[in-house]
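# Residue-level structure breakdown
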Amino acid sequence: MAEENRAAESEREAGVTDDDEDGKQDRRTFCPPLYREPIINMMERHYCAHPSIPGSCPPDAKLIKKWAVQRIYDFCVNHELPEVWVYLWENWYRAGRWELWARCAHKLIPVLKTTMILESHWRRIKHDFLHHFHMPRCDLLVWILVTKLAPTYYRKL
């Protein structure tokens, strides 16, 4: 009985359980709120990785999958989240599931996603750098792209 109380206490300290207003344990949460955003951000990077897009991942679809699985596994091991790893593996990263959502599982990048990326890119240019200019001259546009926009992308790579 004392061992069960210690286990429940350690779970409460780690933020593994959710309590309702009365202080009773309502349900078990296997991913503490602290780790949710980093996991989602990591999965988003894994989703966007593609051999045709240079960046921080390997240039081959099989190596991208290995890289993504290793990164999420290491994250879960380092933060002692075995249940999160099991969930992510079974629902997102195992064979059969990975191909449904990962961009690198397909030879070509989907056109709709590419269009959204381009629209977002130009919207950023217009709102962040060209909001003072109605129809900028070509030399001004090139100068803005080279001196203002390019450094932000270099920092990301």
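The text that follows walks through the structure, step by step, so that each part is easy to find. (Residues numbered from 1 in each chain as written. Predicted model: local features only at pLDDT ≥ 70, side-chain atom pairs only at ≥ 80, totals over all residues. Heavy atoms only, no water.)

### A look at the packing of aromatic side chains
Scanning all chains against the criterion turns up 8 aromatic pairs. Ring geometry for Y73 versus W85: centroids 5.1 Å apart, planes at 75 degrees, classification edge-to-face. Separated by 12 residues along the polypeptide, Y73 in helix α3 (residues 61–78) and W85 in helix α4 (residues 82–93) bring together distant segments of the chain. A relative accessible area of 18% means that W85 is categorised as buried. Consider the rings of W85 and W89, whose centres lie 5.7 Å apart with planes at 35 degrees: the pair is tilted. Of this pair, W85 and W89 both sit in helix α4, 4 residues apart, which is roughly one turn of the helix. (Phe/Tyr/Trp six-rings, centres within 6.5 Å; stacked < 30°, edge-to-face > 60°. Helix = DSSP H or I, 4+ residues; strand = E, 2+ residues; numbered from the N terminus. Buried < 20%, exposed > 50% of the residue type's maximum accessible area, 1.4 Å probe, protein only.)

### Points about the packing of helix α2 (residues 33–48) against α3
One way to put it is that α2 packs onto α3 with a least axis distance of 10 Å and a crossing angle of 170 degrees. Judged on the interaxial angle alone, α3 and α2 are roughly antiparallel. Contacts from Y35, P38, I39, M42, R45 and H46 in α2 reach W67, A68, R71, I72 and F75 in α3. Looking at the contact of α2 with α3 residue by residue, the class counts come to 8 nonpolar, 1 polar and 2 charged. (Axes fitted to C-alpha atoms, helices over the stretch in contact; angles between N-to-C directions. Parallel < 35°, antiparallel > 145°, perpendicular 65-115°, else oblique. Contact = heavy atoms within 4.5 Å. Nonpolar A, V, L, I, M, F, W, Y, C, P; charged D, E, K, R; others polar.)

### Some remarks on the environment of Q70
Structurally, Q70 is set in helix α3. Its relative accessible area of 42% is what places Q70 among the partly exposed residues. At 2.8 Å, the side chain of Q70 and the side chain of D74 are in polar contact. (Polar contact = N/O pair within 3.5 Å; in protein donor to acceptor, adjacent residues only side chain to side chain.)

### Considering the environment of W98
Summarising the element assignment, W98 is placed in helix α5 (residues 98–101). On a C-alpha basis, the gap between W98 and Y47 in space is 9.3 Å, while along the polypeptide they are 51 residues apart. For W98, the residues in contact, after removing those within four places along its chain, are H46, I64, K65, A68, W92, Y93, C104 and A105.

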